[in-house]
Amino acid sequence: MYDPTHLRTFLAVAQTLSFTQAARRLGLRQSTVSQHVRRLEDAAGRQLFSRDTHSVQLTEDGEAMLGFARRLLEVHEQATAFFTGTRVRGRLRFGASEDFVLTRLPEILEGFRHDHPEVDLELTVELSGTLHEQLAAGKLDLVLAKRRPQDPRGELVWRDDLVWIGSEHLRLEPERPVPLIVYPPPGITRARALEVLEEQERDWRIVCTSGSLNGLIAAARAGLGVMAHSRRLIPPGLFRVPDRSGLPELGKVDFVLVQGRRRGAAEGAANALAAAVLAGGDRLHRGQRGGR
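The structure contained in this document is the topic of the report that follows. Since we're looking at a predicted model, the values are computed, not measured.

### With respect to the overall build of the protein chain
Regarding its fold elements, the protein chain presents nine helices and 11 strands. Computed over C-alpha atoms, the radius of gyration of the protein chain comes to 20 Å, within 12% of the 19 Å expected from 2.2 N^0.38 for 292 residues, which places it in the range of a compact globule. Once the C-alpha set of the protein chain is aligned to its principal axes, its extents read approximately 65 × 45 × 30 Å. Taking the contacts inside the protein chain whose residues are at least 6 apart along the sequence as the reference set, 77% of them involve residues at least 24 apart. Working note: accessible area of the protein chain is about 14800 Å², and carbon and sulfur atoms make up 48% of it. Separation of charge centres in the protein chain, based on 41 positive and 37 negative side chains, amounts to 2 Å.

### What about the environment of Gly-251?
Along the polypeptide, Gly-251 turns up in the loop between strand E10 (239-240) and strand E11 (252-259). With residues near it in sequence (within four places) discarded, Gly-251 still touches Asp-160, Asp-161 and Leu-162.

### Section: the nonpolar core
Formed by 41 residues in total, the largest nonpolar core has its most connected members in Phe-94, Leu-105, Leu-144, Trp-164, Leu-273 and Leu-284. With seven residues, helix H9 (residues 265-279) is the single largest residue contributor to this core. Val-13, Leu-40, Leu-66 and Ala-69 belong to the second-largest nonpolar core, a separate cluster that totals 20 residues.

### A look at the side chain of Arg-93
Within the secondary structure, Arg-93 sits in strand E3 (residues 90-97). Within polar-contact distance, the side chain of Arg-93 engages the backbone oxygen of Gly-138 at 3.1 Å. Looking at Arg-93, its side chain comes within polar contact range of the main-chain oxygen of Lys-139, at 3.4 Å.

### Regarding the environment of Gln-57
Considering the arrangement of structural elements, one finds Gln-57 in strand E2 (residues 56-58). In this structure Gln-57 comes out as partly exposed when scored by relative accessible area, which is 41%. Gln-57 sits 39 residues away from Ser-18 along the chain, and the two C-alpha atoms are 9.0 Å apart. Residues in contact with Gln-57, not counting those within four places in the same chain, are Leu-17, Leu-48, Phe-49 and Ser-50.

### Quick look at the pairing of strand E4 (residues 119-126)
When E3 meets E4, the two strands line up parallel, connected through eight bridges. In the strand pairing of E4, Arg-91 is matched with Asp-120.

Calculation rules
Residues numbered from 1 in each chain as written. Predicted model: local features only at pLDDT ≥ 70, side-chain atom pairs only at ≥ 80, totals over all residues. Heavy atoms only, no water. Helix = DSSP H or I, 4+ residues; strand = E, 2+ residues; numbered from the N terminus. Rg over C-alpha atoms; globule rule 2.2 N^0.38 Å. Contact = heavy atoms within 4.5 Å. Areas by Shrake-Rupley, 256 points an atom, 1.4 Å probe, with all protein chains shown as cover. Lys, Arg positive; Asp, Glu negative; His and termini not counted. Charge placed at Lys NZ, Arg CZ, Asp CG, Glu CD. Core = buried A, V, L, I, M, F, W, Y, C linked by side-chain atoms within 4.5 Å. Buried < 20%, exposed > 50% of the residue type's maximum accessible area, 1.4 Å probe, protein only. Polar contact = N/O pair within 3.5 Å; in protein donor to acceptor, adjacent residues only side chain to side chain. Pairing = 2+ DSSP bridges.

Right, dumping it as structure tokens:
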């Protein structure tokens, strides 16, 4: 009833909330993406997206289709691998940024380990900037992380707003330096926060530096200051700083998958894990609680 190609296209649009970005990810024309979504909507007899010239959003039926599409594609891939006799093997060095510590990435990795038991998976959790450096040095095979500004590399998983977050009871005083909670260099959100404050000629001071997301969260919950963070990944107990605070806008951030240049035994495993992350990408930012 549901064509796997149409389901993959639907997932790409649902995760990026953009027909243009989905087309780039899939290597298709935008008109083809629209056609795939329309045919899936015809097959379901329901509208899956509400869209206008400025935005794309999932409808209630679209939200329901997400889970079905993911499970259908998983079964389809398992059946294909079983009957073609293809087995993914080898050692795979996978790096994931600190942003995903509190997400459902473990569920995706657990499913991957179940489907590909002969892959020796090694996980590294680090800052996005550090992961990109390790990938370039040949120390990792696949990275899921934030993309540096103006960096064209990587397959888009989703695009999000960067926002200021902090304790619900935090009050910023306009005449005093902005208290910042940041990752150490080469943190991408750190660099962006400092850049926009400098552009606004706003004074700032660093009140907490930690390479651990849990460390930053603890400082923010204690009301020490504010931090730049992905809107759809706001941790429980923290909240978006109101616009009336006068803090400058941080812009967008891309979360991408980047494969290393080295090819060999890890290539098949990297491709398989990349496909699993892209198929289940909505799990990475759904079910997050906290922000407003």
